[in-house]
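Residues per chain are reported as follows:
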Amino acid sequence: MDVKILLKESDIPKTWYNVVADMKYAPAAVLHPGTGKPVGPDDLSPLFPMPLIEQEVSAQREIPIPEEVRRIYALWRPTPMCRALRLEAAIGTKSKIYYKYEGVSPAGSHKPNTAIPQAYYNKMAGRKRIATETGAGQWGSAMALGGSFFGLDVKVYMVNVSYNQKPYRRMYMEAYGAQVVASPSRDTNAGRGILAESPDSPGSLGIAISEAVEDAATRPDTSYALGSVLNHVCLHQTVIGIEAKEQMKIAGDYPDVVIGCCGGGSNLSGIGFPFLRDKFDGKRDPRIVAVEPASCPTLTKGIYAYDFGDTAKLTPLIKMYTLGHDFVPPGIHAGGLRYHGNSALISQLYHEKLLEGQAYGQIAVFQSALTFAKAEGLLPAPESSHAIHAAIVEARRADEEGKRKTILFNLSGHGYFDLAAYDDFINGRLADHEHPAEKIQEALDRLPKVEV
Ligand SMILES: *Cc1c(COP(=O)(O)O)cnc(C)c1O
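Residues numbered from 1 in each chain as written. Predicted model: local features only at pLDDT ≥ 70, side-chain atom pairs only at ≥ 80, totals over all residues. Heavy atoms only, no water.

1. Quick notes on helix α2 (residues 50–57)
Put simply, the rule is: The buried label applies to any residue whose accessible area, calculated with a 1.4 Å probe on protein chains only, is under 20% of its type's maximum; exposed applies above 50%, and partly exposed to all values in between. Numbering of helices and strands runs from the N terminus, with a helix taken as a DSSP run of H or I at least four residues long and a strand as a DSSP run of E at least two residues long. Summarising the geometry, the arc corresponds to the directions from the helix axis toward the C-beta atoms. Contact definition: two residues touch when any of their heavy atoms are within 4.5 Å.
Here α2 has its buried residues at L52, I53, Q55 and E56. Each buried residue of α2 sits inside an arc of 160 degrees when the element is viewed along its axis, so together they form one side. The elements touched by buried residues of α2 are β2 (15–17), α1 (41–44), β3 (62–64), α5 (112–124) and α11 (231–236).

Here you go:
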């Protein structure tokens, strides 16, 4: 029985899989924040280059991956899949646990899978500069890397708590030539507005997005780039699941359940959509599970409604699961999962019950992270550890029910920049924050009123 299931460089996918082609209903229209009317390509062109806008609205099933992008992917792709034999032994399960490991990318997570094509298409379209936000720092790192490969300047608005918790992420981005500021910052109207009201704001992804969008919208040489949520981002991440299906074939196995942590939904899309395709084709019936933090339970406790993607209400309105655009989640350590909304595609598929959702507190998640690290040798990102925890829960439940399951999860990144979080956990400084129902209600009362 092989621990590691490897593919060859020539096995790097040649196309991305667009789930929209197989969805029962077309994705809900994205609405203009001012007029409430559906946005067209021209509304988006100040923010994104045309090839990305075309991918955003495409219903074509297979979208070719440019050769130049595949050559850069080859620096770390195909990524390994491992059978977690030592984890199975450590928890004493009869189930089989596999994980796909995206932490081998230069930036240490799945995010370069989209940062590279985004930088490529911006370069081709003649843009010179990219403004973006980062929660935990992984997306900013990936975009800094992408910008450096294609000679683009990158400005990163980094959520204030992460800026303070993770100085090495900032230094990493700066090493690749990016400019990084703590958000809310004094560099934008959105940032100055928040600082005037709460000078100690911990920041949030919603605030940082407002800043980056304002930056890009006010400079013709600058594009905005988002590391998750949008359809083209979810599309780029499908290289993960396409490879994983090949690797499962080599292992002579097929997952009963496919698990991904879920912040904006891109890595779950990446591992999950190609397996969902088998369900659409009527070939197989895997369960696909989104795992989120109990402190930011977008799918499991939010509502499905039109909302802004950011706090300052600059972005188009997206129909998604949301906790409200002005929701500021507690400063938990899985910064990449602290987003009030979710991908429109993930939201719609969840609403149609093609995906499941689970939420866990960070203490249980860190316990599982260390169980995994001691067994498998890799220190996981706190975000990814939500998927690990769900896989362990799944395996234990199967044991109790006397079943033997095949479980696959996406290990979306490593945790070598998250040692302060591990230090807090080991020394008992972490707390669980259950998100209070009345706070959700308050934020939801402020949802935009739209007639559709
Ligand atoms: C950003 C990030 C996530 C969460 O983002 P999704 O878009 O939901 O995938 C998960 N894991 C890691 C390691 C990340 O960097």
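2. Re the packing of aromatic side chains
The condition that has to hold: Each pair of aromatic rings taken from Phe, Tyr and Trp, with Trp reduced to its six-membered ring, is defined by centres within 6.5 Å and is described as stacked if the planes are under 30 degrees apart, edge-to-face if over 60, and tilted in the remaining cases. To sit over a ring, a charge needs its Lys NZ or Arg CZ within 6 Å of the ring centre and within 35 degrees of the ring normal.
Inspection of the entire model under this criterion finds 14 aromatic pairs. Ring geometry for Y172 against F417: centres 5.7 Å apart, planes inclined by 80 degrees, an arrangement best described as edge-to-face. You can see Y172 sitting in helix α8 (residues 167–175) and its partner F417 sitting in the loop between β15 (406–411) and α18 (419–426), a full 245 residues away along the chain. Residue Y172 is classed as buried on the basis of its relative accessible area, which comes to 13%. In this structure F417 comes out as partly exposed when scored by relative accessible area, which is 24%. Ring geometry for F372 versus F409: centroids 6.1 Å apart, planes at 70 degrees, classification edge-to-face. Taken as a pair, F372 in helix α16 (residues 362–376) and F409 in strand β15 lie far apart in primary sequence, 37 residues in all. The residues F372 and F409 share a single accessibility class, namely buried. Grouping aromatic residues by their ring pairs yields a cluster made of Y99, F372 and F409. For the cation-ring pair, R83 lies above Y98, with the distance from its terminal atom to the ring centre recorded as 5.6 Å.

3. Looking at the nonpolar core
Basically, it comes down to this: Buried Ala, Val, Leu, Ile, Met, Phe, Trp, Tyr and Cys residues that are joined via side-chain atoms within 4.5 Å together make up what is termed a nonpolar core.
Of all hydrophobic cores here, the largest spans 32 residues; its most connected members are W16, V69, Y73, M143, F150 and M173. Of all the elements in the fold, those that place two or more residues in this core are α3 (67–73), α5, α6 (138–150), β7 (153–159) and α8. Listed in part, the 31 residues of the second largest apolar core include C234, A244, I288 and L355.

4. A few points about the packing of α5 against α6
As a reminder, the rule being used: Inter-axis angles, ranging from 0 to 180 degrees, are taken between N-to-C directions of lines fitted to C-alpha atoms, where helices are fitted over the stretch in contact. Just so you know how the angles are binned, under 35 degrees is roughly parallel, over 145 roughly antiparallel, 65 to 115 roughly perpendicular, and the rest oblique. Left-handed describes a crossing whose near helix is turned anticlockwise from the far helix by less than a right angle; the clockwise case is right-handed.
Remark: α5 packs on α6, axes separated minimally by 8 Å, with the N-to-C direction vectors making an angle of 40 degrees. By the angle between their directions, the pair α5 and α6 is classed as oblique. For the pair α5 and α6, the sense of crossing is right-handed. Each of P112, T114, A115, I116, Q118, A119, Y120 and K123 in α5 lies in contact with α6, whose residues at this interface are W139, A142, M143, L145, G146, G147, F149 and F150.

5. Some remarks on the sheet that holds strand β6 (residues 129–134)
This is how it is decided: Pairs of strands are assigned from DSSP output, requiring at least two bridges between the strands.
One open sheet accounts for four strands, arranged β8-β7-β6-β9; its pairing is parallel. Sheet topology places β8 (179–183) and β9 (222–225) at the edges, where each strand pairs with a single neighbour. Taking the axes of each pair of neighbouring strands and ignoring which way they run, one obtains an average angle of 20 degrees across the sheet. In this sheet, β9 lies alongside β6 in parallel orientation, the contact comprising four bridges. Bridging from a neighbouring strand, A131 pairs with Y224 of β9. Where helix α10 (residues 205–217) meets the sheet, its contacts fall on β6, β7, β8 and β9, and the angle it forms with β6 comes to roughly 170 degrees.

6. Focus on the pattern of salt bridges
Put simply, the rule is: Definition used for salt bridges: Asp or Glu carboxyl oxygen within 4 Å of a side-chain nitrogen of Lys or Arg.
If you walk through the whole model with that rule in mind, you get 24 salt bridges. Between R287 and E394 there is a salt bridge whose closest N-O contact spans 2.8 Å. Here the residue R287 occupies a position in strand β11 (residues 287–293), and E394 occupies one in helix α17 (residues 382–400), the gap between them amounting to 107 residues. For R287, a relative accessible area of 24% puts it in the partly exposed group. Judged by relative accessible area, E394 falls into the buried class, the value being 2%.

7. Remarks on the environment of L349
Structurally, L349 can be placed in helix α15 (residues 344–351). Here L349 falls in the buried class, since its relative accessible area comes to 0%. Along the chain, L349 and K24 lie 325 residues apart, while their C-alpha atoms are 9.3 Å from each other. The residues contacting L349, other than those within four sequence positions of it, are V19, M23, F273, L276, F280, L354 and L355.

8. Describing the site of the ligand
For clarity, the threshold we go by: One heavy atom within 4 Å of a molecule or strand is enough for the residue carrying it to be called near that molecule or strand. Between N or O atoms, a polar contact is any pair within 3.5 Å; within protein, one atom must be a potential hydrogen donor and the other a potential acceptor, and residues adjacent in sequence are included only when both atoms are from side chains. Under the convention used here, a 1.4 Å probe and the Shrake-Rupley method define accessible areas, while residue burial counts only the protein chains that appear. Nonpolar residues are Ala, Val, Leu, Ile, Met, Phe, Trp, Tyr, Cys and Pro. Charged residues are Asp, Glu, Lys and Arg, and all others, Gly as well, are polar.
The environment of the ligand is made up of 19 residues, and the closest members are K111, S228, G263, N267 and S412. Side-chain polar atom of Q138 to an oxygen atom of the ligand: 3.3 Å apart, as the coordinates give it. Against a free-state accessible area of 380 Å², the protein chains account for coverage of 98% of the ligand. Within the residue set of the shell around the ligand, elements represented by two or more residues are α13 (266–280) and α17. Here the residues of the shell around the ligand sort into four nonpolar, 13 polar and two charged.

9. A short note on unusual backbone geometry
Going from R77 to P78, the amide bond is cis rather than trans, its omega being -10 degrees. Here P78 shows up in the loop between α3 and β4 (81–83). In this structure, the amide linkage connecting S183 to the following residue, P184, adopts the cis form with an omega of 5 degrees. With respect to the helices and strands, the residue P184 is situated in the loop between β8 and α9 (189–197). Of note in this structure, K313 is not a glycine but carries a positive phi near 60 degrees. With respect to the helices and strands, K313 occurs in the loop between β12 (303–308) and β13 (317–322). The phi angle at K353 is positive, at roughly 65 degrees, despite the residue not being glycine. Mapping K353 onto the fold places it in the loop between α15 and β14 (356–360).

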